[in-house]
Structure formats: structure tokens, C-alpha cells
Amino acid sequence: MNKKSLSAALAAALFLSAASLANAAVPESGKLDFTVLRGGREIGTHRLEFARQGDELKVDIGTDIAVKMLGIAVYRFEHEGHETWRDGQLVSLESKTNDDGTPHRLAVNAADGKLVVNGDARQGDENPAVIPASLWNEDLVRQNALLNTLDGSSMEVTVREVGAETVEVNGEPVTATHYSVTGKLERELWYDAAGVLVQVKFNGADGSEISYVLK
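Caption draft 1: Just the overall build of the chain, in detail. For the chain, the count of helices and strands is one helix and 15 strands. Buried residues in the chain amount to 42% of all 215 residues. At a minimum sequence separation of 6, the contacts of the chain that also span at least 24 residues come to 37%. Per element, the accessible surface of the chain, about 11800 Å² overall, is 49% carbon and sulfur.

See the structure below:
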């Protein structure tokens, strides 16, 4: 292969790679609607909505959790996030969170070939290829550090592929690949054949099992 042909092949491969990543993990319906369970009991919701605008992908995320005892909320978690992606890379992220009375705000924006983070835990530059820990993007399973979407901190992680398993989605069995994330983020994640997130499990601070079950 001559130099011109090699350059063309590399350019095509890069284009296909970017296009594939830009389309990754976006459900056909344009939304993911999870019921959040604690020990098998419903405690809230976790919803994501996806919208393409030109060459950009907008992702809106909302989490509303209330753990109650005798009808009284003893723990509240409310999170609202907005991500913008272009050509498979994050270009902006804004979030606000109420973690049981502790507020968090985060703003991340692309500038001069990098991401600028302004959060509770960090103000500074970030790798432009970083993946936020919002979990929907299957590309996170190939990372060793994720961006905390609450406070902007960097979370070192190790990801292990567990293998193919069957999970239930809206009453129907779906074959999904199970990944185990450990380190500064502990999550069990399942993605279907299209790379769409279909289930999440992790242990709460009290050791109870928290599950995100896709409707």
C-alpha cells in the first residue's frame, strides 16, 4: 500500500471510529427509564433522554431517590445532569445535586483542546477523552479513570468483563454483557448487544443492594 492509500485508509478508519462512538449507546426510543430498587423495594427513578441536534448529542439525566421509614424520608438524593457530545467526545457537562442535604454543582466545558472542570472537588483541566461516570456510555468499560458527575473529581477504576448474562427488561429476557467496575466507583453494569445500558447494581452505604431496573 502506497503512502497516499495508507493515509486514506487511516482517515477512513478514524472517521468510522468517531461515527461509531458518536452513535454508541443511544437507545432507539431516545430514552432510558429505570426504576431504582433498594433491597427489592422501589425507592425512586433514574431517567435519561437523548436528542441529536446537528452533529451534537444532548443527554439529559435525572435521578430522584427517597428512602423512607414509616412514611418519612430518611435519605434523599436528587441529581440533574446535562451532557453535550460532539464526534464522540464530551464538550460540556452541567449538573446539580442534592445528596441528602449536601449540595453539589459541576460545570465542564471544552476549551483549547481540553476540558475545563469547575466543581466542588476540583477546578482545572481534564483529558478531553474522559468519560463521565453517568454510566450510559459503554465506552467507560475501556477506561481506567472516570469523571465524577457530582463534584468533578477523577475516579480511578478497574473494569473487568464478567461475561454474557440474561437480564429482564420490561418483562422480557435480554442478553447483555456484564462488567464489574471497582476502585473509586463500585458498580455492576450490563449493556445489551447494541451497547445500551440495561441494568445497574451496587451496594449502598448501609450494605443494601441498589438496582436500576429498565422499564
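Caption draft 2: Focus on the pairing of strand β2 (residues 41-53). Summarising the sheet, strand β1 (residues 31-38) and β2 pair through eight bridges and their orientation is antiparallel. In the strand pairing of β2, F34 is matched with H46. In this structure, the hairpin formed by β1 and β2 is closed by a connection of two residues, where G39 is found at a positive phi of approximately 60 degrees. The pairing of β2 with strand β3 (residues 56-69) spans 10 bridges and is classified as antiparallel. By the bridge assignment for β3, R47 is matched with G62. Connecting β2 to the next strand, β3, in antiparallel fashion are two residues, including G54 with a positive phi near 65 degrees.

Caption draft 3: Highlighting the environment of G119. The residue G119 is located in strand β7 (residues 114-119) in this model. Residue contacts for G119: discarding those within four places in its chain leaves R105, L106 and D151.

Caption draft 4: Seen up close, the pairing of β7. The two faces of β7 differ: L115, V117 and G119 on one face are buried, but K114, V116 and N118 on the other face are not. In this sheet, β7 lies alongside strand β6 (residues 102-111) in antiparallel orientation, the contact comprising six bridges. Residue pairing in the sheet places A111 in a bridge with K114 of β7. In textbook terms, the turn of a hairpin is the stretch between consecutive antiparallel strands, and for β6 and β7 this stretch comprises two residues, one of which, D112, has a positive phi near 55 degrees. Where β7 and strand β8 (residues 123-126) come together, four bridges link them in antiparallel fashion. Note on β8: the bridge partner recorded for V116 is D125. Following β7, the chain reverses through three residues before pairing antiparallel with β8.

Rules behind the numbers
- Residues numbered from 1 in each chain as written.
- Predicted model: local features only at pLDDT ≥ 70, side-chain atom pairs only at ≥ 80, totals over all residues.
- Heavy atoms only, no water.
- Helix = DSSP H or I, 4+ residues; strand = E, 2+ residues; numbered from the N terminus.
- Buried < 20%, exposed > 50% of the residue type's maximum accessible area, 1.4 Å probe, protein only.
- Contact = heavy atoms within 4.5 Å.
- Areas by Shrake-Rupley, 256 points an atom, 1.4 Å probe, with all protein chains shown as cover.
- Pairing = 2+ DSSP bridges.

This is a description of form; function is not addressed.
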